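# Structural features, examined
Single-letter residue listing:
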Amino acid sequence: MSRTSESVHVWPAAAAAEDDLSSIWNGLVRHPWRLLALLCLIQIACWTVMPALVNVGPPRDVVEGFMWGREWVLLTYKHPQLPCWLLEISHLLTGSFRWPQYMLSQLMISTTFVLVYLLARDIMGPTRAIAAVLLMPSIYFFGWPTPQFNHDYAQMPFWAAISWLLWRSARDGRPGWWLALGLVSGIGLYAKFSTALLLVFGGIWILYDARARSRLATPWPWLGLAVFLSLAAPLAIALFRLDFLPLTYAEHRNAWVLANRARLYYIGVQLAGLAALPAVLAISGLLRRQADPAQGPLPAHPAPERRAVVYLAWMGLGPALLIMAASLFTGTGESWGATMYNLVGALAIALLGQRLGPVELRRLMVLALLCVVGISSAYAMTRWTGCNVLGRLQPMCWPARSISQTAEAIWHETVPGPLGIVGGEDGVAQLAGLEAADQPSIFTTLDRRLAPWITDQRLRDQGLLLVWPTGWRLSPQQQAWIAGLPVKTVPFDWSLKAPPLEISFAVIPPGRTSFPSDPPGPPDPE
């Protein structure tokens, strides 16, 4: 009797729960932007919390960005400085160096999701658009590398925005779209110069597509171009004044890749980053020959027109394929293509969207959330294990706060004034200055040409704290800076298993009148 009574109460409750889940899912399908919001929130939460829990120090590019951001310069020898300004703003708003950079990176990723959704919605409707976005977390570049906020991730939403605004501008021809396109394109250059590559592909498409080409007869594309040129002009002037060092840096990086990586290394990394996408397409059922006729229909929308598919292929794959081909001859850093795959999911759905039904969409949602939660959890476990169990010294293992506090304490033992400049081995010197209350500047590679904010007058007035890891091989120029100075070496715990690492400090107090000159010849950005 008790079993009968129990079943009477349990089954209606289970049925009600199932009805509730079904109602929630139907609401998400009817309003895809809710599903988009859910994906963005989970992406931001997981990829902010997991790295912040396990990373003792920020990734190296992030430390460099924080140190350069406090200088508020337009351009360094590597890149334009918009990402560094954003990092500095995040610190000014929160007072923390521990988690804001991870959230900032995920805000860039989530903004990219939204912009890709807007473009795909214009081309093939909201349901297929959300399916396109749900494919993106399966791409490596939207997950594992994202805690390292750098220029590649700062420019990612600009690439998506340019693709959307160009499509809208050519479709509608309204002045606001062309002006917005010029504005976003100009600001995108401040994230990274390689934004210009997408602009070149966009310009070629305008000349190819008859509808887009007809817009050139109106004044609005030219007004948008004027906005773009006015924004790009300060960067061009700064590039000239810096003797085109960012181009030299890119040349050096490419030469290093050619000398130290296999010829197909870059292409292999890119294909590996996309390897999970076909698996997700297959598991979701989108690689079947035809949709399951037993399924209920999704909201209908016409298949995308041919010119739209061409546009997605040209803007979404063109730059990436060109860089892959160029890598065979010039060398290319493995992560430099990270921003070039925004539209791969949209292109896949444009070609396979007729097979998309409720079951496929539900599977895509589950797979996307599994990718975000699973990969971020694996990241946290791998990083913690690498530092504390395996004893592998990675940038995230370095005790940034302890190094900064020790550096400042050593400085104030000798000098009553604030710590104004740190230098030496760049990676450790940046950590020494990162969380110091005095907010010192970084003397990059002890070369004034690569750190124009450092002058002999500043060195005379403020002095310099030299920092390097014990055992690091000093160059003759670096030895000249350290010669004759008392050196203090301090051990720092960083792992539960590995021995402490040792860092050396030397103080050059204010008042010194002569300093070693810059290295002979052109500056070496490496």
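Summary of the structure given here. (Residues numbered from 1 in each chain as written. Predicted model: local features only at pLDDT ≥ 70, side-chain atom pairs only at ≥ 80, totals over all residues. Heavy atoms only, no water.)

The helix and strand inventory of the protein chain stands at 21 helices and five strands. On C-alpha atoms alone, the protein chain measures out to a radius of gyration of 26 Å, which is about the 24 Å that the 2.2 N^0.38 rule sets for 526 residues. Expressed as lengths along the three principal axes of its C-alpha atoms, the size of the protein chain is roughly 85 × 80 × 45 Å. A total of 526 residues make up the protein chain; the buried ones form 54% of that total. (Helix = DSSP H or I, 4+ residues; strand = E, 2+ residues; numbered from the N terminus. Rg over C-alpha atoms; globule rule 2.2 N^0.38 Å. Buried < 20%, exposed > 50% of the residue type's maximum accessible area, 1.4 Å probe, protein only.)

The first and last C-alpha atoms of helix 11 (residues 220-241) sit 32 Å apart over 22 residues, in line with the 32 Å expected at 1.5 Å per residue. Along its length, helix 11 reaches its greatest deviation from straightness, about 35 degrees, at Ala232, and the proline Pro234 lies no more than four positions downstream. Within helix 11, burial applies to Pro221, Gly224, Phe228, Ala232, Leu235, Ala238 and Leu239. Those residues of helix 11 that are buried lie in contact with helix 8 (175-191), helix 9 (195-208) and helix 12 (245-260). Following helix 11 by one or two positions, Asp243 has its phi on the positive side, about 60 degrees. (Expected span 1.5 Å × (residues − 1). Bend = angle between axes of the 7 residues up to and from the residue. Contact = heavy atoms within 4.5 Å.)

Below, the discussion takes up the state of the cysteines. Evaluation of the coordinates by the stated rule reveals one disulfide. Here Cys387 connects covalently by a disulfide to Cys397, the sulfurs 1.8 Å from one another. Residues Cys387 and Cys397 are joined by a disulfide whose S-S torsion is about -80 degrees; by sign, that bridge is left-handed. Taken as a pair, Cys387 in helix 17 (residues 358-388) and Cys397 in the loop between helix 17 and helix 18 (400-414) lie far apart in primary sequence, 10 residues in all. This pair shows no difference in class: Cys387 is buried, exactly as Cys397 is. (Disulfide = S-S within 2.5 Å.)

The next point concerns a nonpolar patch on the surface. A contiguous nonpolar surface patch, about 450 Å² in accessible area, is contributed by Trp72, Ile89, Leu92 and Leu93. As for its placement among the helices and strands, Leu92 is situated in helix 4 (residues 82-94). (Patch = residues over 30% accessible without salt bridge, like charges linked within 9 Å, V, L, I, M, F, W, Y side chains within 5 Å. Areas by Shrake-Rupley, 256 points an atom, 1.4 Å probe, with all protein chains shown as cover. Salt bridge = Lys/Arg side-chain N within 4 Å of Asp/Glu carboxyl O.)

Moving on: the pairing of strand 5 (residues 501-508). Of all the eight residues making up strand 5, seven are buried; the element is thus mostly covered by neighbouring parts of the structure. Both strand 3 (residues 464-469) and strand 5 contribute to a ladder of six bridges, which runs antiparallel. In the strand pairing of strand 5, Leu465 is matched with Val507. Sheet topology places strand 4 (residues 487-492) next to strand 5; six bridges connect them, and they run antiparallel. Paired with Thr489 across the strands is Ser504, a residue of strand 5. (Pairing = 2+ DSSP bridges.)

A separate point is the packing of aromatic side chains. All told, the structure shown has 17 aromatic pairs when counted by the stated rule. Taken together, a centroid distance of 5.3 Å and an interplanar angle of 75 degrees make the contact between Tyr140 and Phe141 edge-to-face. Taking relative accessible area as the criterion, Tyr140 reaches 38% and is therefore assigned partly exposed. With a centroid separation of 6.1 Å and 35 degrees between ring planes, the pair formed by Trp167 and Trp205 is classed as tilted. Here Trp205 lies in helix 9 and Trp167 lies in helix 7 (residues 151-172), a separation of 38 residues in the sequence. (Phe/Tyr/Trp six-rings, centres within 6.5 Å; stacked < 30°, edge-to-face > 60°.)

This structure, assessed with the given rule, holds 12 salt bridges. Linking Glu425 and Arg60 is a salt bridge whose minimum nitrogen-to-oxygen distance equals 3.8 Å. Remark: Arg60 occurs in helix 3 (residues 60-69) and Glu425 occurs in the loop between strand 1 (421-424) and helix 19 (426-434); sequence separation between them is 365 residues. We note a salt bridge from Asp209 to Arg307, for which the minimum N-O separation is 2.6 Å. Of the two residues, Asp209 is situated in the loop between helix 9 and helix 10 (210-214) and Arg307 in helix 15 (residues 306-330); the sequence distance between them amounts to 98 residues. Under the relative-accessibility criterion, Arg307 is labelled buried at 14%.

Further remarks concern the environment of Asn254. Counting through the fold element by element, Asn254 comes out in helix 12. Remark: the alpha-carbon pair of Asn254 and Glu425, spanning 171 residues in sequence, is separated by 23 Å. When near neighbours in sequence (up to four residues on either side) are disregarded, Asn254 contacts Thr330, Gly331, Thr332 and Trp336.

Glancing now at the packing of helix 6 (residues 126-134) against helix 17. With their axes 9 Å apart at the nearest point, helix 6 and helix 17 run at an angle of 30 degrees to one another. Taken together, helix 6 and helix 17 sit at an angle that is classed as roughly parallel. When you trace helix 6 past helix 17, the crossing you get is left-handed. Contact with helix 6, carried on its side by Thr127, Ile130, Ala131 and Leu134, involves Leu361, Leu364, Met365 and Ala368 of helix 17 and no other residues of that element. The class makeup of the residues in the contact of helix 6 with helix 17 is seven nonpolar, one polar and no charged. (Axes fitted to C-alpha atoms, helices over the stretch in contact; angles between N-to-C directions. Parallel < 35°, antiparallel > 145°, perpendicular 65-115°, else oblique. Left-handed = near helix turned anticlockwise from the far one by under 90°. Nonpolar A, V, L, I, M, F, W, Y, C, P; charged D, E, K, R; others polar.)

The next point concerns helix 9. For helix 9, which comprises 14 residues, the first-to-last C-alpha distance of 20 Å matches the rise-based estimate of 20 Å (1.5 Å per residue) to within 8%. Along helix 9, the positions that sit buried rather than exposed are Thr195, Leu197, Leu198, Phe201, Gly202, Trp205 and Ile206.

This part takes up the side chain of Arg448. Along the chain, the position of Arg448 falls in the loop between strand 2 (441-443) and helix 20 (456-462). Take Arg448: its relative accessible area is 15%, and that puts it in the buried class. Here Asp456 takes part through its side chain, which lies 2.8 Å from a polar atom of the side chain of Arg448. (Polar contact = N/O pair within 3.5 Å; in protein donor to acceptor, adjacent residues only side chain to side chain.)

As a further point, take the environment of Trp222. Along the chain, Trp222 falls in helix 11. Considering only alpha carbons, one finds Trp222 and Pro399, 177 residues apart in sequence, at a separation of 52 Å.

Below, the discussion takes up the sheet that holds strand 2. Within the open sheet, the five strands sit side by side as 2-1-3-5-4. Their pairing is mixed. In this open sheet, the two edge strands, each paired with only one partner strand, are strand 2 and strand 4. Strand after strand, the sheet turns through a mean of 30 degrees between neighbouring axes, direction not considered. Here helix 18 sits on the sheet and contacts strand 3, strand 4 and strand 5; the angle it forms with strand 5, its principal contact strand, is near 35 degrees.

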